Amino acid sequence: MKLLKAALFTALFSCAGLANAELIANIPLDTSRFELMPVSELSARAAQGNDHAQFYLAKRLQKGQDVAQNTSKAIEWYTRAAEQGVAPAQLNLAIMYLRGEGVQPNIQQARKWLEKAAMSGDNRASYTLALLDEKQKNLVDAYKWYDLAARDGMLDEKVRSKARGKIGQLALNLSSSDIASARTKADTWFQSK
């Protein structure tokens, strides 16, 4: 059963078109220097605790960009950056847990990191939580997460637009009281941020 669940989530998230998160909007533009930094310097800064260096080192290790691909090390560096509150690191870490990339698939760990990223306003994480709940037939919770992903001020406009479409589709399968409950849950969750 565990293998079946892992296969389901791997299939879901390899086909869902979820790209790895990038540091966008909520990170100052001058951090792009980390993308161009030599791996040796990036590693040194990451080891000193620089969360942006940790994120970019993890990303390079995950993709095998200018360094040997090592998804286990990518997990370690994403975790360090995620623990410092870097939402894209939290999102990428969650996706790796969902896919079983460099780590055993673990839906609980994935949800933990997705919720942390969503709490930071990353609607890519809210949208992913909605996909999870929709696949598990938790439609009220899926609606809640889509509602949150579609709100003004969220990070990614494309995700906001996709979430609005999903809200319309889900509404066809929910009662008005279910929708009201989902919206109340979304408001409560949003206000607790």
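If you're wondering where the values come from, they're calculated on a predicted model, not measured in any experiment.

Moving on to unusual backbone geometry. Of note, Asp66 is a non-glycine position whose phi angle comes to about 65°, a positive value. Within the secondary structure, Asp66 is located in the loop between helix H4 (51-63) and helix H5 (71-83). For Asp66, a relative accessible area of 63% translates into the label exposed. Phi at Lys137 is positive, roughly 65°, even though this residue is not glycine. Structurally, the position occupied by Lys137 is in the loop between helix H8 (123-135) and helix H9 (139-149). Residue Lys137 is classed as exposed on the basis of its relative accessible area, which comes to 67%.

This brings us to the environment of Tyr97. With respect to the helices and strands, Tyr97 occurs in helix H6 (residues 87-99). Separated by 14 residues in the primary sequence, Tyr97 and Arg111 have C-alpha atoms spaced 9.1 Å apart. For Tyr97, the residues in contact, after removing those within four places along its chain, are Val103, Gln104, Pro105, Asn106, Gln109, Ala110 and Trp113.

This part is about the confidence of the model for the protein chain. Low pLDDT means the predicted coordinates in that region are not meant to be read closely. Taken over all residues, the pLDDT of the protein chain has a mean of 84, while the share at 70 or more is 81%. Mean pLDDT values over the elements of the protein chain span from 46, in helix H1 (residues 2-15), up to 96, in H5. This model gives residues 1-17 a pLDDT under 50, and the stretch forms 16 contacts once residues within four places in sequence are excluded.

Calculation rules
Residues numbered from 1 in each chain as written. Predicted model: local features only at pLDDT ≥ 70, side-chain atom pairs only at ≥ 80, totals over all residues. Heavy atoms only, no water. Helix = DSSP H or I, 4+ residues; strand = E, 2+ residues; numbered from the N terminus. Buried < 20%, exposed > 50% of the residue type's maximum accessible area, 1.4 Å probe, protein only. Contact = heavy atoms within 4.5 Å. pLDDT = per-residue confidence, 0-100.

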